[in-house]
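Structural characterization, general
Listed here are the chains, written in short residue letters.
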Amino acid sequence: PQSWSEEALGFFHVLATQGGTALANARLFARTQELATRDGVTGIYNHRHFFELLEAEISRSERHNLPLAVIMLDLDHGGADDGGLDRGMGLKAINDTFGHQAGDRLLREVAAYLAGTIRRADTIARYGGDEFVILAPQTGRDDALALARRVRQQLGGTAFGVAGRTIRLTASVGVGVFQPGTGDTAGAVVSRADQALYAAKERGGNQECLANAN
């Protein structure tokens, strides 16, 4: 006696179908948005989304009068623990010797390592090639330099696999710090971190360098 009529059942069927389609579209949109922010090789944030996050964090830093740091990291070279790879072999040489799939796997390993090493409030992104960038909110010069040193040193002590061999990597690291009230832009902070990275490379690599203040 309490059963639904055919008309009511048909109405609920239409609602369920439309609801299912809307849910599927929402999931597809969310997935598309997620893919747009992620690097295709490593799965961490990409260059474009990093700048979006940095712009938002700069606005927050201005409101609360807090510094933030941008830390750029570029792999120097790798060496095999078993002597199978040259100490001077970098990502390009690995790609040329073992193929791009081996190089991509190494990048994924490094990205996963960095993501597990940074602080909970920090954000890691792939900047391009074998360069990575860390956004460190509420972080001044001393703390940023200490973070850069810790990440570099721990990276150097970590073993990574390439084509069935074990290698160790070193990295050059550049640090740029944003100070509220200076009129700094996201591009300016990243540029200083990039210049500091270049200085670390020029000094022989496997070290961190702090950019001069604005």
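Residues numbered from 1 in each chain as written. Predicted model: local features only at pLDDT ≥ 70, side-chain atom pairs only at ≥ 80, totals over all residues. Heavy atoms only, no water.

Turning our attention to the environment of Val-110. Tracing the backbone through its elements, the reader meets Val-110 in helix 4 (residues 100-117). Placed 50 residues apart in sequence, Val-110 and Phe-160 show a C-alpha to C-alpha distance of 7.9 Å. (Helix = DSSP H or I, 4+ residues; strand = E, 2+ residues; numbered from the N terminus.)

With that settled, the discussion passes to the pattern of salt bridges. Charged atoms that come close allow side chains of opposite charge to pair. Scanning the model with the defined rule gives 9 salt bridges in all. When the shortest N-O distance is used, the salt bridge between Asp-39 and Arg-126 registers 3.3 Å. With a gap of 87 residues between them, Asp-39 in the loop between helix 1 (6-37) and helix 2 (47-64) and Arg-126 in strand 2 (residues 123-128) connect regions that are remote in the sequence. Its salt-bridge partner being Asp-76, residue Lys-201 comes within 2.8 Å of it at the nearest N-O pair. Note that Lys-201 is positioned in helix 6 (residues 186-202) and Asp-76 in strand 1 (residues 68-80), a separation of 125 residues in sequence. In this structure Asp-76 comes out as buried when scored by relative accessible area, which is 18%. Ionic contacts of the salt-bridge type, sharing partners, join the residues Asp-74, Asp-76 and Lys-201 into one network. (Salt bridge = Lys/Arg side-chain N within 4 Å of Asp/Glu carboxyl O. Buried < 20%, exposed > 50% of the residue type's maximum accessible area, 1.4 Å probe, protein only.)

This next bit is on unusual backbone geometry. Glycine aside, the phi torsion of most residues is negative, and most peptide linkages are trans. Even without being a glycine, Gln-138 presents a positive backbone phi close to 50°. In this structure, Ala-163 takes a positive phi of about 50° despite not being glycine. On the secondary structure map, Ala-163 appears in the loop between strand 4 (159-162) and strand 5 (165-178). Using a relative accessible area of 45% as the deciding quantity, one classes Ala-163 as partly exposed.

Right, let's talk about the pairing of strand 3 (residues 131-137) for a bit. Side-chain direction in a regular strand flips from residue to residue, so the side chains alternate between the two faces of the sheet. Taken across its 7 residues, strand 3 has 7 buried, putting it largely inside the fold. The side-chain alternation of strand 3 yields two buried faces, one formed by Glu-131, Val-133, Leu-135 and Pro-137 and the other by Phe-132, Ile-134 and Ala-136. For strand 2 and strand 3, the ladder comprises 5 bridges, and the chain directions are antiparallel. Residue pairing for strand 3: Arg-126 is matched across the bridge by Phe-132. Between strand 2 and strand 3, which follow one another and run antiparallel, lie 2 residues, and Gly-129 among them has a positive phi close to 60°. (Pairing = 2+ DSSP bridges.)

On to the environment of Glu-208, then. The residue Glu-208 is located in strand 6 (residues 208-210) in this model. On the basis of relative accessibility, which here comes to 14%, the residue Glu-208 falls in the buried class. Leave out the neighbours within four places in its chain, and Glu-208 touches Leu-145, Ala-148, Arg-149, Arg-152 and Val-173. In terms of polar contacts, Glu-208 uses its side chain to reach the side chain of Arg-149, at 3.1 Å. Here Arg-152 takes part through its side chain, which lies 2.5 Å from a polar atom of the side chain of Glu-208. (Contact = heavy atoms within 4.5 Å. Polar contact = N/O pair within 3.5 Å; in protein donor to acceptor, adjacent residues only side chain to side chain.)

A word on the nonpolar core. With 31 residues, the main nonpolar core has Leu-73, Leu-106, Val-110, Leu-114, Phe-132 and Phe-160 as its most contacted residues. Elements that contribute at least two residues to this core include exactly strand 1, helix 3 (91-98), helix 4, strand 3, helix 5 (141-156), strand 4 and strand 5. Filtering out sequence-adjacent residues up to four positions away, Leu-73 remains in contact with Leu-114, Asp-130, Glu-131, Phe-132, Val-151, Leu-155, Ala-171, Ser-172 and Val-173. By size, the runner-up hydrophobic cluster in this structure holds 15 residues, among which are Leu-68, Val-70, Ala-186 and Val-190. (Core = buried A, V, L, I, M, F, W, Y, C linked by side-chain atoms within 4.5 Å.)

In short, the description is geometric, and any link to function would need to be established separately.
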